[in-house]
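# Inside the fold
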Amino acid sequence: MAEMVADQAPRVFAVVLEFGEQTDAQIIAWGMELDEGAYMTTLDGRNQYMLADPENALMYVRRRSNTTPHLVWASERRTL
């Protein structure tokens, strides 16, 4: 069963808002890619989105001056 779950696990991504020229950054949402689309929720859980593609998550980030939104795929955690 563990192998089946590992094979079917969704890919996880974060929506990160970069402030200025790499001055600071903040994760503002988490999402996961599913077989037929994606799901995203803001950190506070107030906003949830069903998306056709993970990249569409950036369309729901409010544009502000001097900020750049990024979609960043989470990598597997490494154990030491």
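Heads up: the structure comes first, above all this text.
Small disclaimer: the values here were computed from a predicted structure and weren't measured.

## Considering the pattern of salt bridges
The full count for this structure, using the stated rule, is two salt bridges. Salt-bridge contacts for Arg-11 lead to Glu-33; the nearest nitrogen and oxygen are separated by 3.5 Å. Separated by 22 residues along the polypeptide, Arg-11 in strand S1 (residues 11-19) and Glu-33 in strand S2 (residues 24-34) bring together distant segments of the chain. Judged by relative accessible area, Glu-33 falls into the partly exposed class, the value being 26%. The salt bridge involving Asp-44 is made with Arg-46; its shortest N-O contact spans 3.8 Å. Residue classification places Arg-46 among the exposed positions, given a relative accessible area of 71%.

## Re the sheet that holds S2
Strand order in the open sheet made by the five strands is S4-S3-S2-S1-S5, with antiparallel pairing throughout. Two strands in the sheet have a free side with no partner beyond their single neighbour: strand S4 (48-51) and strand S5 (67-73). Each strand of the sheet is rotated relative to its neighbour by a mean of 25°, with strand direction disregarded. Of the strand pairs in this sheet, S2 and strand S3 (residues 37-42) are connected by six bridges, and their pairing is antiparallel. Bridge pairing in S3 links Glu-33 to Ala-38.

## A word on the side chain of Glu-18
Note that Glu-18 resides in strand S1. There is no salt bridge for the buried Glu-18, and the closest opposite charge comes from Arg-63, which lies 10 Å off by N-O distance. A distance of 2.6 Å separates polar atoms of two side chains, one belonging to Glu-18 and the other to His-70. Sequence-distant contacts of Glu-18, defined by excluding residues within four places in its chain, comprise Asp-24, Ala-25, Asn-66, Thr-67, Thr-68 and His-70.

## Looking at the packing of aromatic side chains
One pass over the structure, following the stated rule, counts two aromatic pairs. Aromatic side chains Phe-13 and Trp-73 sit 5.4 Å apart centroid to centroid with 70° between the ring planes, which places their arrangement in the edge-to-face category. Highlighted residues: Phe-13 in strand S1 and Trp-73 in strand S5, separated in sequence by 60 residues. Between Arg-11 and the ring centre of Trp-73, over which it is positioned, the NZ or CZ distance is 3.7 Å.

The rules behind the values
- Per chain, the residues get numbers from 1 upward, laid out in the order the sequence is written.
- Two thresholds apply to this predicted model, a pLDDT of at least 70 for residue-level local features and 80 or more for giving and counting side-chain atom pairs, whereas whole-chain, interface and lining totals are computed over all residues.
- Here the side-chain values reflect all heavy atoms present in the structure, with hydrogen atoms and water set aside.
- What makes a salt bridge here is a side-chain nitrogen of Lys or Arg within 4 Å of a carboxyl oxygen of Asp or Glu, nothing more.
- Strands here are runs of E lasting at least two residues and helices are runs of H or I lasting at least four, both read from the DSSP assignment and numbered beginning at the N terminus.
- Type-normalised accessible area, obtained with a 1.4 Å probe on protein chains alone, sets the label of each residue: buried when under 20%, exposed when over 50%, and partly exposed for intermediate values.
- Should DSSP find at least two bridges between two strands, the strands are regarded as paired.
- Axes here mean lines fitted to C-alpha atoms, for a helix over just the part in contact, with angles spanning 0 to 180 degrees between N-to-C directions.
- Positive charges come from Lys and Arg alone, negative charges from Asp and Glu alone, with His and the N- and C-terminal ends not counted.
- N or O atoms within 3.5 Å of each other form a polar contact, as long as, within protein, one can give a hydrogen and the other can take it, and as long as residues adjacent in sequence are counted only when both atoms are side-chain atoms.
- Throughout, a residue-residue contact means that at least one pair of heavy atoms, one from each residue, lies within 4.5 Å.
- The pairing test for Phe, Tyr and Trp rings, Trp by its six-membered ring, is centres within 6.5 Å, and the orientation test on the planes gives stacked under 30 degrees, edge-to-face over 60, and tilted for anything in between.
- For a lysine, the NZ atom is tested; for an arginine, the CZ atom; a charge sits over a ring if that atom is within 6 Å of the ring centre and within 35 degrees of the ring normal.

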